[in-house]
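One-letter residues, chain by chain:
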Amino acid sequence: MNIWIAIGLTAVGCYAVKLIGLLIPAGLLERPLVQRLAALLPVALLAALTAQQTFADGRVLVLDAKAAGLAAAGVALLLRAPFLLVVAAAVLVTAGVRAMAG
Amino acid sequence: MRSEDGGKPDAAVVRDALGVGVAVGLSGFAFGVTSVGSGLTLLQTCALSLLVFTGASQFALVGALAGGGNPFTAAAGAFFLGVRNAFYGLRLSQLLALPRAVRPFAAQWVIDETTAVALAQPTRRSVRIGFTVTGLTLYVLWNLTTLLGALGADAIGDTDAWGLDAAGPAVFLALLAPMIKTTTERVVAGLAVVLGLGLLPVLPAGVPVLVAALAAPAVLWAEGRRRARTGPAEDDDTVGEGR
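Residues numbered from 1 in each chain as written. Chains lettered and ligands numbered in written order. Predicted model: local features only at pLDDT ≥ 70, side-chain atom pairs only at ≥ 80, totals over all residues. Heavy atoms only, no water.

As recorded by an unreviewed UniProt entry, chain A carries the name AzlD domain-containing protein and is attributed to Streptomyces liliifuscus.

Asker: Help me understand the overall build of chain B in this model?
Answerer: For chain B, the helix and strand inventory stands at 13 helices and 0 strands. For 243 residues, the compact-globule estimate of 2.2 N^0.38 gives 18 Å, and the C-alpha radius of gyration of chain B, at 19 Å, lies within 12% of that figure. Based on the C-alpha atoms only, the size of chain B along its principal axes is roughly 60 × 45 × 35 Å. Look at the contacts in chain B between residues 6 or more apart in sequence, and 73% of them connect residues 24 or more apart. In the structure as shown, chain B presents an accessible area of about 10,700 Å², 68% of it carried by carbon and sulfur atoms. Distance between charge centroids for chain B: 9 Å, based on 17 positive and 17 negative side chains. (Helix = DSSP H or I, 4+ residues; strand = E, 2+ residues; numbered from the N terminus. Rg over C-alpha atoms; globule rule 2.2 N^0.38 Å. Contact = heavy atoms within 4.5 Å. Areas by Shrake-Rupley, 256 points an atom, 1.4 Å probe, with all protein chains shown as cover. Lys, Arg positive; Asp, Glu negative; His and termini not counted. Charge placed at Lys NZ, Arg CZ, Asp CG, Glu CD.)

Asker: Is there a simple way to think about the side chain of Thr146 of chain B in this case?
Answerer: Residue and element names in this part refer to chain B. With respect to the helices, strands and loops of the structure, Thr146 is situated in helix α9 (residues 124–156). One polar contact links the side chain of Thr146 to the main-chain carbonyl oxygen of Trp142, over a distance of 2.6 Å. If near-sequence neighbours (up to four positions away) are discounted, Thr146 is found in contact with Gly28, Phe29, Phe31, Gly32, Thr45, Cys46 and Ser49. (Polar contact = N/O pair within 3.5 Å; in protein donor to acceptor, adjacent residues only side chain to side chain.)

Asker: When you look at the side chain of Ser49 of chain B in this model, what are you seeing that I'm missing?
Answerer: By the secondary structure assignment, Ser49 of chain B is in helix α3 (residues 42–51). Within the structure, the side chain of Ser49 of chain B is placed 2.7 Å from the side chain of Thr146 of chain B, a separation counted as a polar contact.

Asker: Where do I start with the confidence of the model for chain B in this structure?
Answerer: Segments scoring low in pLDDT should not have their predicted coordinates read at a detailed level. All names here are of chain B. Taken residue by residue, chain B gives an average pLDDT of 85. The fraction at 70 or more is 91%. Taking the mean pLDDT of every element in chain B, the minimum, 82, falls on helix α5 (residues 71–82) and the maximum, 97, on α3. Ignoring residues within four places in sequence, the model shows residues 234–243, a span with pLDDT below 50, making 19 contacts including any to other chains. (pLDDT = per-residue confidence, 0-100.)

Asker: For this particular structure, what's the right way to read the interface of chain A and chain B?
Answerer: Buried accessible area, meaning the area lost when the parts come together, often serves as the stated size of an interface. On the side of chain B, 89 residues touch chain A, which itself brings 61 residues to the contact. With both sides pooled, the region where chain A packs onto chain B buries about 6,700 Å², and carbon together with sulfur makes up 78% of that total. When the buried area of chain A at its contact with chain B is split by residue, Lys18, Leu22 and Phe83 of chain A rank highest and sum to 12% of it. Inspection of the region where chain A meets chain B yields 2 salt bridges. Between Asp165 of chain B and Arg98 of chain A there is a salt bridge, with the nearest N and O atoms lying 3.0 Å from each other. For the pair chain A and chain B, the interface holds 12 residue pairs in polar contact (both at pLDDT 80 or more). For the side of chain A that touches chain B, the element with the highest residue contribution is helix α2 (residues 32–55) of chain A, accounting for 22 residues. Within the side of chain A that touches chain B, the residues separate by chemical class into 43 nonpolar, 12 polar and 6 charged. (Buried area = accessible area lost by both parts, 1.4 Å probe. Salt bridge = Lys/Arg side-chain N within 4 Å of Asp/Glu carboxyl O. Nonpolar A, V, L, I, M, F, W, Y, C, P; charged D, E, K, R; others polar.)

Below you can see the structure in the form of C-alpha cells.
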C-alpha cells in the first residue's frame, strides 16, 4: 500500500508540474530575460543530472566504470555519431571495463 | 542566424526524433529490470512508466523505496526531479503554441528528450513534428520495454554488469551537447555540475539538482552586472552560429 501511495503522489505531482509549464500565459514569456532563463535552465538541469548519474551512488560520490562509459559517449558525440551509437558506446565501454576489472 | 525559411525537410525532423525516441525508449528496459529488482511488482512498475513518464523521477522513486524510504519522502524526491519539466514546459508552450484544449494531453510528453528535440528545430512546423514523433515513439517504447524488463528481471541478473546503468547519463549528455554553444551556456553547465555533485552528500535526494538549476539565474545575473560595467559591447552570446 505504501508503494501505491508513493506512486500516486509522484504521478499526480509530476503531471501537475508538466501542465503548469505549458499553461503559464505567453505574455509573461515575451520578456527577453525570461526567455534567456527558460533556455538556460535545461542546460543547468541536464548538466547536473549527467554528473550525478555518472558520479553518484545514492548520496555518495563514486568514480567507477560509468565514467569511462561517459567519456566514450563524449568521444562519440565529438565524432557526430548518431544518438543510438552514443548510448551504445557508453553501455559497451562500461560493461567492458567492469568485465576487465573482474 | 537561423535561416528564415527553416530549410529542414520533415523527413529529417522525423529521423532525428525517431533516433532519440527509439534509443531512449529502449532504455525503459533498464528501468523495468531495476524497478522489479528493487521489490516493486510488475503492475507497480508499469504504472510508474504509464503515469509518471519521466525517467529520472522513476529511477529516483524506485531507488528511494528500495532504500527503505517512507512513501512521502520517496515521492518528494521524485517530484523535485520532475519540477524541471515545468521549466521545459515554459519554453515549449512558446515554441509549440498549442491550443489551450490540447495542452493537458501534450503535458504528459513534456520531458527532457522531447524538449531537446523540439528546441533543436528551426521552424514551428518542425518543432511540432519533432515533439509529437519523439513523444509518441518514446511513450510507446518506454512502456513496452518497461514491461519486458520487468518480466525479464530475474533472467538478466545484475544489470550493472551489462553496463545498462551508463545508458541514463549517456542519454543526458547527448541531449545536453547541442544546447551548449556559447560561453554563457558552458559556464552554466559547469557551475551546475559543481553544485549538483558538491551538494549531493549534504542535501536530501532530488534537492541538489534543483539548487544546480539556480546556476542559470546566477550566471545571467553575473552577466548582467558585467555588461552594466563594461558597456553593451560584450556579445559572446550571439545565437545560432551553427554546429
